[in-house]
Amino acid sequence: MVAHHHRLPPWLKIRIDHGDNFFEVKRVNSRLELNTVCKSARCPNIWECWNRKRATFMILGNICTRACRFCAVKKGQPTKVDMKEPERIADAVKTLGLRHVVITSVTRDDLEDGGAGIFVDTISIIREKSPLSTIEVLIPDFNGSEKGLGMVIKASPHIIGHNIETVPRLYHEIRPQGVYKRSIKVLKMANDLGRVTKSGLMVGLGEDINEVIDVMFDLKEIGCDILTVGQYLMPERRNAPVIRFYTPEEFTMIRLKGNEMGFGHIEAGPLVRSSYYADVYYP
Ligand code: SF4
């Protein structure tokens, strides 16, 4: 499922293990016709997470209106919005007994509210069916629509995540439809309205460490609570190449720097992804 088109350093070698939980998560997702970013983005941690009965559900279809160069999710004409999807996600949460749920989505620049309405429905139905579960949403930038973002903030998920992904200098090349300042603004608005905020950064795309530290300062300045920093891996040959592999020692340095800056929590490591072990370190 995950192809790597480069010689991986030893610390990025992963164990492929199809345990019983893995197959149960797979069965539940296919029975309920659910998309996950684990599969669509070809995440290297899919075995470990699904074996821990953890998955990140991806709503609003599996075709994105944007074309980030690091992402394996299909691009193009998105599918019709499935109004029954929130109910099915809530069923999966209940069936799998998920204590912490992560919901993300493709970006739907074709929708007036950017898909915020479906996020709100999903949060409220999960809350109704699994009141003890904590809900984390990893949202797009809703194309800067404060109305869309406001709807999700008002729905009070436990964590609002929005990934900054890379450093501003590389946006044009790596995240062409994204705007660095707009993403910072999304996190600032959620933070200013009292939500726990989270962001994710990939390294190895051509940035230098000072640019990474600068982004961490920008995030800390707007009150971002949780940060994840992981090694970029090229999911498919059409995606951006890996420029370099950071060593585990460099990730430790980044984590210590993040602690020094006062992030509530920072996860930094080669295989770290936005929702990797998100259930463990939820404050
Ligand atoms: S917005 Fe970018 S990262 Fe997100 S699903 Fe679309 S292409 Fe992938």
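Just above, that's the structure.
What counts, and where the lines are drawn
- Residues numbered from 1 in each chain as written.
- Predicted model: local features only at pLDDT ≥ 70, side-chain atom pairs only at ≥ 80, totals over all residues.
- Heavy atoms only, no water.
- Helix = DSSP H or I, 4+ residues; strand = E, 2+ residues; numbered from the N terminus.
- Rg over C-alpha atoms; globule rule 2.2 N^0.38 Å.
- Contact = heavy atoms within 4.5 Å.
- Near = heavy atom within 4 Å.
- Nonpolar A, V, L, I, M, F, W, Y, C, P; charged D, E, K, R; others polar.
- 1 Å grid on protein atoms, 1.4 Å probe; cavity = no way out; pocket = protein on both sides within 12 Å on 5 of 7 lines; lining within 4 Å.
- Points joined across faces, edges and corners; volume = space filled by probe spheres on them.
- Pairing = 2+ DSSP bridges.
- Axes fitted to C-alpha atoms, helices over the stretch in contact; angles between N-to-C directions.
- Parallel < 35°, antiparallel > 145°, perpendicular 65-115°, else oblique.
- Left-handed = near helix turned anticlockwise from the far one by under 90°.
- Expected span 1.5 Å × (residues − 1).
- Buried < 20%, exposed > 50% of the residue type's maximum accessible area, 1.4 Å probe, protein only.
- Phe/Tyr/Trp six-rings, centres within 6.5 Å; stacked < 30°, edge-to-face > 60°.
- Arc of directions from axis to C-beta.

Undergrad: Lay out the overall build of the protein in plain terms, naming residues and giving numbers.
TA: Each helix and strand in the protein was counted, giving 10 helices and 10 strands. Against the globule reference of 19 Å for 283 residues, the protein gives a C-alpha radius of gyration of 18 Å, in line with a compact fold. Viewed in the frame of its principal axes, the protein has a C-alpha envelope of about 45 × 40 × 35 Å. Pairs at least 24 apart in sequence give 76% of the contacts found in the protein among residues at least 6 apart.

Undergrad: Explain the site of the ligand residue by residue, including any values.
TA: Cys64, Arg66, Cys68, Phe70, Cys71, Lys75 and Thr107 make up every residue found near the ligand. Across the shell around the ligand, the residue classes break down as 4 nonpolar, 1 polar and 2 charged.

Undergrad: Describe the layout of surface pockets, with residues and values.
TA: Its boundaries defined by the atoms lining it, the largest pocket holds a volume of some 230 Å³. Lining the largest pocket are 13 residues, and of these Leu34, Asn35, Thr36, Lys39 and Ser40 lie nearest its centre. Listing elements by their share of the lining of the largest pocket, those giving two or more residues are helix 1 (20–31), strand 1 (35–36) and helix 2 (37–40). Residue contributions to the lining of the largest pocket peak at 3 residues, all from helix 1. Of the residues in the lining of the largest pocket, the class split is 4 nonpolar, 6 polar and 3 charged.

Undergrad: Lay out the sheet that holds strand 9 (residues 226–231) in plain terms, naming residues and giving numbers.
TA: Taken in spatial order, the 8 strands line up as 1-2-5-6-7-8-9-10 in an open sheet, and their pairing is mixed. This sheet does not close on itself; its edge strands, each paired only once, are strand 1 and strand 10 (265–269). Examined bridge by bridge, strand 9 and strand 10 share 5 bridges and lie parallel to one another. Among the inter-strand pairings, Thr228 is bridged to a residue of strand 10, identified as Glu267. Sitting on the sheet, helix 8 (residues 180–192) is in contact with strand 7 (159–161) and strand 8 (196–203), with an inclination near 155° to strand 8.

Undergrad: So what's going on with the packing of helix 1 against helix 4 (residues 85–96)? Residues and values would help.
TA: At a closest axis distance of 10 Å, the pairing of helix 1 and helix 4 adopts a crossing angle of 155°. As summarised for this structure, helix 1 and helix 4 are arranged roughly antiparallel, according to the angle between their axes. Between helix 1 and helix 4 lies a crossing of right-handed hand. Contacts between helix 1 and helix 4 involve Glu24, Val25, Val28 and Arg31 from the former and Ala92, Thr95 and Leu96 from the latter.

Undergrad: Residues and numbers for helix 8, please.
TA: In a regular helix each residue adds 1.5 Å, so 13 residues correspond to 18 Å; helix 8 covers 18 Å between its end C-alpha atoms and thus fits that length. Listed in full, the buried residues belonging to helix 8 are Tyr180, Arg182, Ser183, Ile184, Val186, Leu187, Met189 and Ala190. Where helix 8 is buried, its residues contact helix 6 (146–154), strand 7, helix 7 (171–174), strand 8 and helix 9 (209–221).

Undergrad: Explain the packing of aromatic side chains residue by residue, including any values.
TA: Throughout the structure, instances matching the rule amount to 6 aromatic pairs. Measuring from ring centre to ring centre gives 5.9 Å for Tyr246 and Phe251, while their planes differ by 45°; the resulting arrangement is tilted. Comparing Tyr246 with Phe251 shows no difference in burial state: the two are buried. Ring plane angle 85° and centroid distance 4.8 Å describe the contact between Tyr276 and Tyr277, whose orientation is recorded as edge-to-face.

Undergrad: Which residues make up helix 10 (residues 248–261), and what values do they have?
TA: End to end, helix 10 covers 20 Å across 14 residues, agreeing with the expected 20 Å (1.5 Å per residue, within 8%). Turning to helix 10, its buried residues are Phe251, Ile254, Gly258 and Met261. Projected down its long axis, helix 10 carries its buried residues within an arc of 80°, all on one side. Helix 10 presents Glu249 and Glu260 as exposed residues on the side facing more than 90 degrees away from its buried surface. At its buried positions, helix 10 is contacted by strand 8, helix 9, strand 9 and strand 10. Immediately downstream of helix 10, the backbone of Gly262 shows phi near 95°, a positive value.

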